[in-house]
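Report on the structure
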Amino acid sequence: MRPIRTFNVTPALPQRLEALRTLAYNLHWDWDVEMVDLFRRLDGDLWESSRYNPVLMLGTISQARLNEIAEDEGFLAQMDRAAQRLEDYLSDRAWYKKHRKAPVSGECYAYFSMEFGLTTCMPVYSGGLGVLAGDHLKSASDLGLPLVAVGLLYQEGYFAQYLNADGWQQERYPINDFYNMPLHLERDANGQELRIEVEYPGRVVYARVWRVQVGTVPLYLLDTNIEPNNQYDQDICDRLYGGDIDMRIHQEVMLGIGGIRMLKALGLTPTAYHMNEGHSAFMALERMRVLIEEQSLTFAEALQVAQASQMFTTHTPVPAGIDLFPPEKVLHYLGRYRERFGLGDAEFLALGRTDTGDFSAPFSMAVLAIKTATFINGVSKLHAEVSRDMFGELWTGLPLGEVPIYAITNGVHARSCVARSTQALYDRYLGPNWAEASPGASLWERVYAIPDDELWRNHEQCRSHLVVTVRDRLAKSTRDRGGSTRELTEAQECLDPFVLTIGFARRFATYKRATLFLHDLERIRNIINGNGGDRRVQFVIAGKAHPKDIPGKELIRSIIHFTRDQGLSKSIVFVPNYDIHLSRDMVAGCDVWLNNPRRPREASGTSGMKAAMNGLPNLSVLDGWWDEADYIRTGWPIGHGEDYDDPNYQDDVEANALYDILEKEVVPLFYDRDKDEIPRGWVAKMKEAIYFNTPQFNTARMVKDYANLGYFAASDRASTLASASYSPGKELATWQARMADHWYDVRFEEVAISDTTNLQVNQPFKVTAAIQLGALTPDDVQVELYQGTVSVDGEIHSGVAVPMAHQGPDANGRSIYALEMEYTASGLQGLSLRILPRHRYLNSPYDPKLVLWADPDSVRIVSGVVTPTAALV
Ligand SMILES: *Cc1c(COP(=O)(O)O)cnc(C)c1O
């Protein structure tokens, strides 16, 4: 039955309890333990059954209970304190004010992501990418950054996982009830639903806008599930990563193009745009269209202006992880942008191609993002290196080490992932500022002053809590699938709260090798059973496989089968439906966090960081973040960062390394107790993990990096290019076109070296060069001497570039450049010369993607010096 009228009915709260509504609708409660306590106190059972959703709770709680607490002085006092805390929090965000010296007018950063993992009751994320985006917003709020976020609101969100009796993953798609979630529907000045329109071939699709308030940061989510959209268009916001390639393009058009339109409809004009992964890269097309139509810029000018404010973070180290669309589909869905830009098909598609001459190449969203961004980064040092390798071709002629893809290593939001009791412990010993404090801050020294027994008892309580939670979850899922009484009893008796517990939770993609620990069944059974003694080991495992990933699902099933066949269901537990809530219990209650991906396929990984903040040592392959952590003091490395060609051999070597470390290091250290039953050596390692990893692998540090390296500079530069009616932007575009036209006329004619024989370490010599610049001038270029050790392949690999000084013209109209240098190391050293473009409005000399190297086969090398006819004054 279709209703003839619908109402949005909001909870009726007694006047005295109005503060609860304010608290419920600001997600700040998610990372404030006192607020969570307040909601739990309101109704503990309802808090659990609503999946930690205070809005749903307020909507369903009985009027009797509300009347009761409205009279409860203790509750009211706690509520008033919480309301005051929120107010204080919102007004006291000082980092930005202190560190941003001269913000541009109306400074605002827009952060785009396909998914956001903020809290358990908002399942619009699938995994690490979403949780990272959620943590980014929380830290941006903590730091007081003027950031707004843009995403899609999925009707079904990501699936809930359960297993059938055979251990095969099943998916359920619970419907998100937006009216009972912490969401505000945005309205226009007349009180009507705010709507935006996006053109798709032959029709217009409408979307409305919901806001999630994350502390001070608003997250705006588009929702197409409305009339008069047809069914297909309503489904654009149906499922995260659901549907075929056409649906994916529809979604990305809505995110990128719809997102820009939404910001405008909300009256926002961001000064920087951050693409978290390439899904939102179509934003560049819409922004250029607006600049062309509303500011009368040319395509080339619009590209310069749009690019100056865009940033791109890449998250995948494998080409298969990147969205690639067939060219004809891109032309079909986005052809009207090609027309507005006045480009031919190939020119337009070149925006998303590495090899612009390959007319059959697919359109890459990552390439589009790179070509329209001023700052690009990977999510760990190792991942940035892999990304430079993957995308280096886009900067033809640039040594890989110089490809401008930087590293900003991921982090996690401390107050969201450290257990409540552990937060209280840190608050007590380190003071309340630990969650955002920088590495090196003096408070970190006090970690070592936390009494061993206090840290250890607290951790043991976290482990006990995990065991109880896992038993409950397992019992519930056994009941839900109609398991036998025996299975139910088994679920209720699984795990032992006193046994060394290894945690493994992540997406079940095959490269993560969830079953590596089962490589040698005999050996792992012995380890689990304590090799005949009482030093036993148990595993808690969780994670979802993508619904279409059959090999991933097989991994889950093989763990279930192994466990049953070996009678190990007490010691190896697979907990269904991994989500933010379960993650928080696991990273607090396990003893060791295990990670064994095939290096270098884990771009960063973040669950190990959450574990470290709770004092867990990591046991991991040197991949992603762990490769740059202090992996000796804060855990154990599996292997030494080798890359393997033969996966079977690799599994063999790394599984054996894992068993060795477990037997020789982890188990003995854990069970070596003193007379007070405290494992002193283990606790020392826990403290190292907290000391080194909490400040470093923290989104507070990460977001500060994004601000200092990206948001501030992009805002400044974009504001410069747009000033004076865009004249700097126009100047830059005109200059760049001139560079492209004349670049290939530039020639090195002669290089003179003052003393080519008998060079010794620290012996000065002079290099001069005569360069024919053709139509360009010395102001347009930067000439550099590039020198370094020559390796066996005859190339300089990690060279150093030093600018040469312009001396003036010679009689033949050539420009003369000079540099005096010396070698500081002996051995086979080499040098070369190169020219890069230079302009005052350019972000970096690499941006125009033009480099000219002296060609060893044709440049004339003489001894002595070449001199200008007139010196420069
Ligand atoms: C942290 C987290 C992840 C990401 O963990 P990785 O180690 O990066 O795989 C995925 N899902 C949930 C629910 C998380 O909390």
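Every chain is numbered on its own, with residues counted from 1 as its sequence reads. Two thresholds apply to this predicted model, a pLDDT of at least 70 for residue-level local features and 80 or more for giving and counting side-chain atom pairs, whereas whole-chain, interface and lining totals are computed over all residues. Excluded from the side-chain calculations are hydrogens and water; all other atoms, namely the structure's heavy atoms, are used.

1. Looking at the environment of M288
Helix numbering and strand numbering both begin at the N terminus, where a helix is a DSSP run of H or I of at least 4 residues and a strand a DSSP run of E of at least 2. Positionally, M288 belongs in helix α11 (residues 283-295). When its relative accessible area of 0% is taken as the criterion, M288 is described as buried. Residues M288 and G605 lie 317 residues apart in sequence; the distance between their C-alpha atoms is 34 Å. M288 has contacts with F299, A302, L303, A306 and F341, leaving out every residue within four places of it along the chain. Each residue gets one of three labels from its accessible area relative to the maximum for its type: buried under 20%, exposed over 50%, partly exposed in between, using a 1.4 Å probe on protein chains only. For this analysis, residues touch if any pair of their heavy atoms sits within 4.5 Å.

2. A short note on the packing of helix α12 (residues 299-308) against helix α27 (residues 699-742)
Note on definitions: angles span 0 to 180 degrees between N-to-C directions of axes, and those axes are lines fitted to C-alpha atoms, for helices only across the stretch in contact. At a minimum axis separation of 8 Å, α12 and α27 run at an interaxial angle of 155°. Comparing the axis directions of α12 and α27 gives the class roughly antiparallel. Considering the relative orientation of α12 and α27, their crossing is right-handed. For the pair α12 and α27, contact is made by A300, E301, Q304, V305 and A308 and by A714, R717, A718, L721, Y726, G729, K730, L732, A733 and Q736, respectively. Orientation labels follow simple angle bins: below 35 degrees gives roughly parallel, above 145 gives roughly antiparallel, 65 to 115 gives roughly perpendicular, and whatever is left gives oblique. Working rule for handedness: look at the near helix, and if it is turned counterclockwise from the far one by less than a right angle, call the crossing left-handed; if clockwise, right-handed.

3. Points about helix α16 (residues 381-391)
Residues of α16 that are buried include every one of L382, H383, A384, V386, S387, R388 and F391, and no others. Looking at the packing, one finds that the buried side of α16 touches α15 (365-371), β13 (375-378) and β14 (406-407).

4. Some details on the pairing of strand β7 (residues 203-214)
As paired strands, strand β5 (residues 184-185) and β7 are joined by two bridges and run antiparallel to one another. Its bridge partner lying in β7, L185 is registered against W210. DSSP calls a pair of strands paired once it identifies at least 2 bridges connecting them. Pairing analysis gives six bridges linking strand β6 (residues 195-200) to β7, with the strands arranged antiparallel. Paired with V198 across the bridge in β7 is V205. Adjacent in sequence and paired antiparallel, β6 and β7 are bridged by two residues, among which G202 carries a positive phi angle near 80°.

5. With respect to the site of the ligand
We call a residue near a molecule or strand when any one of its heavy atoms sits within 4 Å of it. Inspection of the region around the ligand gives 13 residues, with Y578, S583, T606, S607 and K610 positioned closest. Under the rule applied, a polar contact is a pair of N or O atoms within 3.5 Å (in protein, one hydrogen donor and one hydrogen acceptor; residues adjacent in sequence only if both atoms are side-chain atoms). T606 has a polar backbone atom sitting 2.9 Å from an oxygen atom of the ligand. Here the ligand loses 93% of its free accessible area of 390 Å² to cover by the protein chains. Residue assignment for the shell around the ligand shows that the elements contributing at least two residues are α8 (128-143), α23 (580-589) and α24 (607-613). Taken together, the residues that form the shell around the ligand break down as three nonpolar, six polar and four charged. Areas reported here follow the Shrake-Rupley algorithm with a probe of radius 1.4 Å; residue values treat only the protein chains shown as occluding. Throughout, the ten residues Ala, Val, Leu, Ile, Met, Phe, Trp, Tyr, Cys and Pro are labelled nonpolar, Asp, Glu, Lys and Arg are labelled charged, and all others, Gly among them, are labelled polar.

6. Some details on unusual backbone geometry
Along the chain, E227 connects to P228 via a cis peptide bond; the corresponding omega equals 0°. You can see P228 is positioned in the loop between β8 (217-223) and α9 (231-234). With an omega dihedral of -5°, the bond running from R599 to P600 counts as a cis peptide bond. Mapped onto the elements, P600 comes out in the loop between β18 (592-595) and α24. With phi around 50°, R513 is a residue other than glycine that occupies positive phi space. Structurally, R513 can be placed in the loop between β15 (500-505) and α21 (521-528).

7. Description of the packing of aromatic side chains
Two rings from Phe, Tyr or Trp (for Trp, the six-membered ring) form a pair when their centres sit within 6.5 Å of each other. Planes less than 30 degrees apart are called stacked, planes more than 60 degrees apart edge-to-face, and all others tilted. Inspection of the entire model under this criterion finds 33 aromatic pairs. Consider the rings of W47 and Y52, whose centres lie 5.7 Å apart with planes at 75°: the pair is edge-to-face. On the accessibility criterion, W47 (2% relative accessible area) is buried. Chaining the aromatic ring pairs together yields one cluster made of W456, W636, F670, Y671 and W682. Sitting over a ring, as applied to charges here, requires NZ of Lys or CZ of Arg to be within 6 Å of the ring centre and within 35 degrees of the ring normal. Over the face of the ring belonging to Y89 we find R93, whose NZ or CZ atom lies 3.9 Å from the ring centre. Lying over the aromatic face of Y173, R239 brings its terminal NZ or CZ to 3.5 Å of the ring centre.

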